[in-house]
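Spelled out, the chains give:
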Amino acid sequence: MERQNTAERRQGAREEGRPVAVRLQNVTKRFGDFTAVEDLSLDIHEGEFFSLLGPSGCGKTTTLRMIAGFEEPTEGEVVVAGRSMRGVPPYRRPVNTVFQSYALFPHLDVFENVAFGLRRAGVPKGEISRRVGEACALVKLSGFERRKPSRLSGGQQQRVALARALVNRPKVLLLDEPLGALDLKLRKQMQLELKNLQHEVGITFIYVTHDQEEALTMSDRIAVMNEGRVQQVADPATLYELPANRFVADFIGQTNILEGTVEAVEGERAVIRTAGGLRLEAVAPNGFRPAVGEAVEAAVRPEKLRVGEAGDNVVAAEVAEVVYLGSSTQYILRAPDGGRLVAHRQNDREAAALRPGEAVSVAWDARHCLILGGKRG
Ligand SMILES: Nc1ncnc2c1ncn2[C@@H]1O[C@H](COP(=O)(O)OP(=O)(O)OP(=O)(O)O)[C@@H](O)[C@H]1O
């Protein structure tokens, strides 16, 4: 817990000075006796690309719907641009939502789909024309204004949905898995486009996804959620390099978890003994200090494991499985204590591939082996 707070403080320093666009203050949402979101507090800043990331059912969409006004918190407060949103209906909030299902009007062309809200609001014709033109240009749909949605690709339809949300000039854009219906290649392309677009318009984006790679690619900061609770809020590199707990370490990327008992502690460094008798050096960053005798878990990323090289921790292992991944090869290794380790090695022409059954040594540095705060959670 202490580590999480330190990471948040560090983040806070970087975001300081930027006004808060959306503040969630001790927000809880219950459906009957089920708690979907529990005591959630977050500040999202103006111009930030902020993602809510977590597995299915962790409460991301419910959080977004409370900001949009489709749900009211059971407890706590949603504040947008300094104003409490309690009792404010969705259409009066300075936010707009883009959903995974684009919900375009099939009988209207691109221009009219984008213009729809402006017409209803009685915006003068000349201004509608100008603003729709600008919004279409932003999402690279100039020239498509007279096409019907049925004659657009999935990616283009999603761009229409974006243009429609941006044309009202919201302070905050809420995006609920907006790329979920696209194939992988288009999805990757749209991730970069969305990030560029956000940079260009400077609007706060709050993005919901269960895809960690997507969140890492696009976000300034990410809140990782599980079972209705925020686990850690940090920028992508901090989440990856300094996960606050086992859930975050497992959810963001791949990781090896080593269980052991603390034998010695000196400053940030600690020595752990695994149940199978391996002696490992590790670090406990961010002020967290394990006690001697404490049962802990430590995490080390597969790409930090070096096969056949030296390091602070060197373990004799046997290659159990070799998985070719294109740019890298994944080695599943059996350690002498019976543990399983995953190592990644970049492929290059010189390095001969290892074979199952081969005996190897595997090494990693103590600074890459992070103690996660034990089994207290
Ligand atoms: N109206 C509702 N009534 C009862 N339970 C609900 C309601 N809305 C959501 N829930 C429950 O709250 C939990 C969180 O749902 P939510 O949709 O916020 O999750 P999520 O993280 O967005 O998941 P997904 O990625 O699957 O959309 C789920 O267990 C869900 O079943």
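All values derive from a computational prediction rather than experimental measurement.

### Observations concerning the nonpolar core
V114, V132, L162, L173, L175 and L194 are the most contacted members of the largest nonpolar core, which has 35 residues in total. Of all the secondary structure elements, the ones that give two or more residues to this core are α3 (110-120), α4 (125-138), α5 (154-166), β7 (172-176), α6 (184-201) and β8 (204-209). Among the elements that make up this core, the one with the highest residue count is α5 (six residues). With near-sequence residues (within four places) excluded, L194 lies in contact with F49, L162, L175, L179, F205, Y207 and M218.

### Concerning the pattern of salt bridges
Pairing between side chains of opposite charge can happen when the charged atoms of each approach one another. Applying the stated criterion to the full structure yields 27 salt bridges. Measuring nitrogen to oxygen at the nearest pair gives 2.7 Å for the salt bridge that ties R23 to D43. Of the two residues, R23 sits in strand β1 (residues 20-31) while D43 sits in strand β2 (residues 34-45), which places them 20 residues apart along the sequence. Take R23: its relative accessible area is 32%, and that puts it in the partly exposed class. Judged by its relative accessible area of 28%, D43 falls in the partly exposed class. Close ionic contact of E318 with R334 constitutes a salt bridge, the shortest N to O distance being 3.3 Å.

### Here's the deal with the side chain of E193
Relative to the helices and strands, E193 is located in helix α6. By relative accessible area, which is 18% here, E193 ends up buried. Here R159 takes part through its side chain, which lies 3.0 Å from a polar atom of the side chain of E193. In this structure, E193 is in contact with K140 and R159, ignoring residues within four places of it in sequence.

### Focus: the pairing of strand β3 (residues 49-53)
In regular strands, side chains alternate between the two faces of the sheet. β3 sits mainly inside the fold: five of its five residues count as buried. Across the two faces of β3 the burial is the same, with F49, S51 and L53 and F50 and L52 all buried. Sheet topology note: the β3/β8 ladder contains five bridges and is parallel. When the bridges of β8 are listed, S51 appears paired with Y207. The pairing of β3 with strand β9 (residues 221-226) spans four bridges and is classified as parallel. Pairing of S51 across the sheet is with I222, part of β9.

### So, the domain arrangement of the protein
When its domains are assigned, the protein resolves into domain 1 (2-94 + 170-249) and domain 2 (255-376). Taking the mean C-alpha position of each, domain 1 and domain 2 sit 32 Å from one another. On the domain 2 side, the residues contacting the 12 residues of domain 1 number 16 residues. Each partner contributes to the roughly 1,200 Å² buried at the junction of domain 1 and domain 2, and carbon and sulfur atoms together form 47% of this total. The tally of links between domain 1 and domain 2 comes to two salt bridges. Contributions of two or more residues to the side of domain 1 that touches domain 2 are made by α1 (2-15), α8 (236-241) and α9 (246-251). Across the side of domain 1 that touches domain 2, the residue classes tally to six nonpolar, two polar and four charged.

### Focus on the packing of α3 against α4
Direction vectors running N to C along α3 and α4 enclose 125 degrees, while the axes themselves pass 10 Å from each other. As the angle between them shows, α3 and α4 are arranged oblique. The crossing of α3 and α4 is right-handed. Note on element contacts: α4 touches α3 through I128, S129, R131, V132, A135 and C136, opposite V110, F111, V114, A115, L118 and R119.

### Focus on the sheet that holds strand β17 (residues 328-334)
The pairing of strands in a sheet happens through backbone hydrogen bonds and is either parallel or antiparallel. One open sheet accounts for five strands, arranged β15-β19-β16-β17-β18; its pairing is antiparallel. The open sheet has two free edges, formed respectively by β15 (306-307) and β18 (340-346), since each of these has just one partner strand. Two strands pair when backbone bridges link them, and β17 and β18 are joined in this way by seven bridges, in the antiparallel orientation. In the sheet register, T329 faces β18, and the bridge partner there is R345.

### Digging into the sheet that holds strand β4 (residues 75-80)
Here we have four strands laid out as an open sheet, ordered β2-β1-β4-β5, and antiparallel in their pairing. If you trace the sheet from one side to the other, it starts and ends with β2 and β5 (83-84), each paired once. The pairing of β4 with β5 spans two bridges and is antiparallel. Residue pairing for β5: V79 is matched across the bridge by S84.

### Details of the UniProt feature "binding site: ATP" in the protein
When the UniProt feature table is mapped onto this chain, "binding site: ATP" is found at G54, P55, S56, G57, C58, G59, K60 and T61. Along the polypeptide, G59 turns up in the loop between β3 and α2 (60-68). G59 has contacts with A36, V37 and M225, leaving out every residue within four places of it along the chain. Along the chain, the position of T61 falls in helix α2.

### Here's the deal with the packing of aromatic side chains
One pass over the structure, following the stated rule, counts five aromatic pairs. Ring geometry for F49 versus F205: centroids 5.5 Å apart, planes at 45 degrees, classification tilted. Of the two residues, F49 sits in strand β3 while F205 sits in strand β8, which places them 156 residues apart along the sequence. Given a relative accessible area of 0%, F205 falls into the buried group. Taking 5.6 Å as the distance between ring centres and 40 degrees as the angle between the ring planes, the aromatic pair formed by F49 and Y207 counts as tilted. Of this pair, F49 sits in strand β3 while Y207 is found in strand β8, placing the two residues 158 residues apart along the sequence. Each member of the pair, F49 as well as Y207, carries the same accessibility label: buried. Three or more aromatic residues joined by ring pairs form one cluster here, namely F49, F205 and Y207.

Rules of the game
Residues numbered from 1 in each chain as written. Predicted model: local features only at pLDDT ≥ 70, side-chain atom pairs only at ≥ 80, totals over all residues. Heavy atoms only, no water. Core = buried A, V, L, I, M, F, W, Y, C linked by side-chain atoms within 4.5 Å. Buried < 20%, exposed > 50% of the residue type's maximum accessible area, 1.4 Å probe, protein only. Helix = DSSP H or I, 4+ residues; strand = E, 2+ residues; numbered from the N terminus. Contact = heavy atoms within 4.5 Å. Salt bridge = Lys/Arg side-chain N within 4 Å of Asp/Glu carboxyl O. Polar contact = N/O pair within 3.5 Å; in protein donor to acceptor, adjacent residues only side chain to side chain. Pairing = 2+ DSSP bridges. Domains from an automatic or database assignment. Buried area = accessible area lost by both parts, 1.4 Å probe. Nonpolar A, V, L, I, M, F, W, Y, C, P; charged D, E, K, R; others polar. Axes fitted to C-alpha atoms, helices over the stretch in contact; angles between N-to-C directions. Parallel < 35°, antiparallel > 145°, perpendicular 65-115°, else oblique. Left-handed = near helix turned anticlockwise from the far one by under 90°. UniProt positions renumbered as here; feature names shortened; annotations may be inferred. Phe/Tyr/Trp six-rings, centres within 6.5 Å; stacked < 30°, edge-to-face > 60°.

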